[in-house]
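Okay, here's what each chain looks like letter by letter:
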Amino acid sequence: MTARDIAPLEALLSEWAQWMSHEKVGRGYPSRAAGLSSGGPSESFEDLCERADAQRARTVDAVIRSLPTGACAAVHSVWLGSRWVLEWMDRAECYAQACERLPVELNRRGVVY
């Protein structure tokens, strides 16, 4: 892959890493109250974008988890700072394998980046 090909992939992985770092369990009171819609549009544009971004991040996460063990661990190690425990494997090689495989799998699942 060239640097031009890998830049959009790294931007997508950066968004995924930010999504992974956010706390999934909320604290305190919910930010919205439960209510009924009057039939009109009930979500703001920002809410729709936020929901679409979260869906894309979940899909990227599923694709990363579907990679071979070494490639998945390499992505987690590079982007999330996870400890590299597969000492019999080369992390750089595994990450290169992930970078080769991710565009194919993301395209197959319809992720546009």
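Scroll up a little and you will see the structure.
Scope of this entry: the structure provided in the associated data block. Everything numeric in this text was worked out from a predicted model, so none of it was measured.

The rules behind each value
Residues numbered from 1 in each chain as written. Predicted model: local features only at pLDDT ≥ 70, side-chain atom pairs only at ≥ 80, totals over all residues. Heavy atoms only, no water. Helix = DSSP H or I, 4+ residues; strand = E, 2+ residues; numbered from the N terminus. Buried < 20%, exposed > 50% of the residue type's maximum accessible area, 1.4 Å probe, protein only. Contact = heavy atoms within 4.5 Å. Polar contact = N/O pair within 3.5 Å; in protein donor to acceptor, adjacent residues only side chain to side chain. Axes fitted to C-alpha atoms, helices over the stretch in contact; angles between N-to-C directions. Parallel < 35°, antiparallel > 145°, perpendicular 65-115°, else oblique. Left-handed = near helix turned anticlockwise from the far one by under 90°. Nonpolar A, V, L, I, M, F, W, Y, C, P; charged D, E, K, R; others polar.

## Points about the side chain of Thr 59
The residue Thr 59 is located in helix α2 (residues 45-66) in this model. Residue Thr 59 is classed as buried on the basis of its relative accessible area, which comes to 16%. When neighbours within four sequence positions are excluded, Thr 59 is seen to be in contact with Arg 109 and Val 111.

## A look at the environment of Glu 105
For Glu 105, the location among the structural elements is in helix α4 (residues 91-108). With 42 residues separating them along the chain, Glu 105 and Val 63 place their C-alpha atoms 6.5 Å apart. Engagement of the side chain of Glu 105 in a polar contact is seen with the side chain of Arg 101, the distance being 2.5 Å.

## Considerations on the packing of α2 against α4
The contact between α2 and α4 brings their axes to 10 Å, and the two run at 130°. What the angle tells us is that α2 and α4 run oblique. Note that α2 runs across α4; the crossing there is right-handed. When α2 is examined against α4, the residues Val 60, Val 63 and Ile 64 are found in contact with a partner set consisting of Leu 102, Glu 105 and Leu 106. Classifying every residue of the contact of α2 with α4 by side-chain character gives 5 nonpolar, no polar and 1 charged.

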